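# Residue-level structure breakdown
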Amino acid sequence: MNLERFTTKAQGALQAAQNLAYQNSNQELDTLHLALALVTETDGLIVPLLQKIGVATPALIHDLQRELSSRPKVTGISSSDLFPSPTLKRALDAAEPESKRLHDDFVSTEHLLLALLKEGGPALKPIFQKHHLNHETLLTALAQLRGNQRVTSQDP
């Protein structure tokens, strides 16, 4: 995973995920943090993409927050004490092949969400299933929303 290959929005989502972990006193940065950061980003592509496929974003956010609140908390942590979970590492590694499949030069937020759908782990899978969110449906909606546009810079 090379963060220089991530768009500014994708880097911002990772930073927001770190902030969520810190605010929730979670020492382990996980896919739940990243998923919540992605679906609460208001001026990106993710929310319109979810709306296009009929996902009730407020309900999805609620379910992600509820699951996150059940995570172990560690008092007295600093942001430097955070470490990525193995599941998050796998998901981030899966994001680059998603970008390549779409012929994009950079990893963007939609690639991160596609990777979470594949490699999000056991905490995200039932939440995504409950909201009828899957890889194929998201790819179809993404193709309709983006058309033939590609991610060719860090700020597309």
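Everything below is about the structure shown above.
Procedures and definitions
- Residues numbered from 1 in each chain as written.
- Predicted model: local features only at pLDDT ≥ 70, side-chain atom pairs only at ≥ 80, totals over all residues.
- Heavy atoms only, no water.
- Axes fitted to C-alpha atoms, helices over the stretch in contact; angles between N-to-C directions.
- Helix = DSSP H or I, 4+ residues; strand = E, 2+ residues; numbered from the N terminus.
- Parallel < 35°, antiparallel > 145°, perpendicular 65-115°, else oblique.
- Left-handed = near helix turned anticlockwise from the far one by under 90°.
- Contact = heavy atoms within 4.5 Å.
- Nonpolar A, V, L, I, M, F, W, Y, C, P; charged D, E, K, R; others polar.
- Buried < 20%, exposed > 50% of the residue type's maximum accessible area, 1.4 Å probe, protein only.
- Phe/Tyr/Trp six-rings, centres within 6.5 Å; stacked < 30°, edge-to-face > 60°.
- Lys NZ or Arg CZ within 6 Å of the ring centre and 35° of its normal.
- Expected span 1.5 Å × (residues − 1).

Now for the packing of helix H6 (residues 109-119) against helix H8 (residues 135-146). The geometry of H6 relative to H8 is characterised by a closest axis approach of 10 Å and an angle of 165° between their N-to-C directions. Taken together, the axis directions place H6 and H8 in an arrangement best described as roughly antiparallel. Like other packed secondary-structure pairs, H6 and H8 cross with a definite hand, here left-handed. Residues Glu110, His111, Leu113, Leu114, Leu117 and Lys118 of H6 touch H8, and the partners they reach there are His135, Leu138, Leu139, Leu142 and Arg146. Residues that form the contact of H6 with H8 fall into these classes: six nonpolar, two polar and three charged.

All right, on to unusual backbone geometry then. Excluding glycine, residues mostly carry a negative phi; peptide bonds, for their part, are mostly trans. Despite not being glycine, serine 25 has its phi angle at roughly 55°, a positive value. Along the chain, serine 25 turns up in the loop between helix H1 (8-23) and strand S1 (28-29). With a phi angle near 55°, histidine 132 is a residue other than glycine that sits in the positive phi range. Relative to the helices and strands, histidine 132 resides in the loop between helix H7 (124-130) and H8. Its relative accessible area of 64% is what places histidine 132 among the exposed residues.

Aromatic ring pairs are defined here through the distance separating the ring centres and the angle between the ring planes. Per the stated rule, a full pass over the model turns up zero aromatic pairs. A cation over an aromatic ring shows up here: arginine 5 above the ring of phenylalanine 106, its NZ or CZ 5.1 Å from the ring centre.

Spanning 16 residues, helix H5 (residues 86-101) covers 23 Å between terminal C-alpha atoms, matching the ideal 22 Å at 1.5 Å per step. Of the residues making up H5, those classed as buried are Thr87, Leu88, Ala91, Leu92, Ala94, Ala95, Glu98 and Ser99. Where the residues of H5 are buried, they touch H1, S1, helix H2 (31-39), strand S2 (83-84), H6 and H8. Positive backbone phi, at 60°, marks histidine 103, one or two positions downstream of H5.

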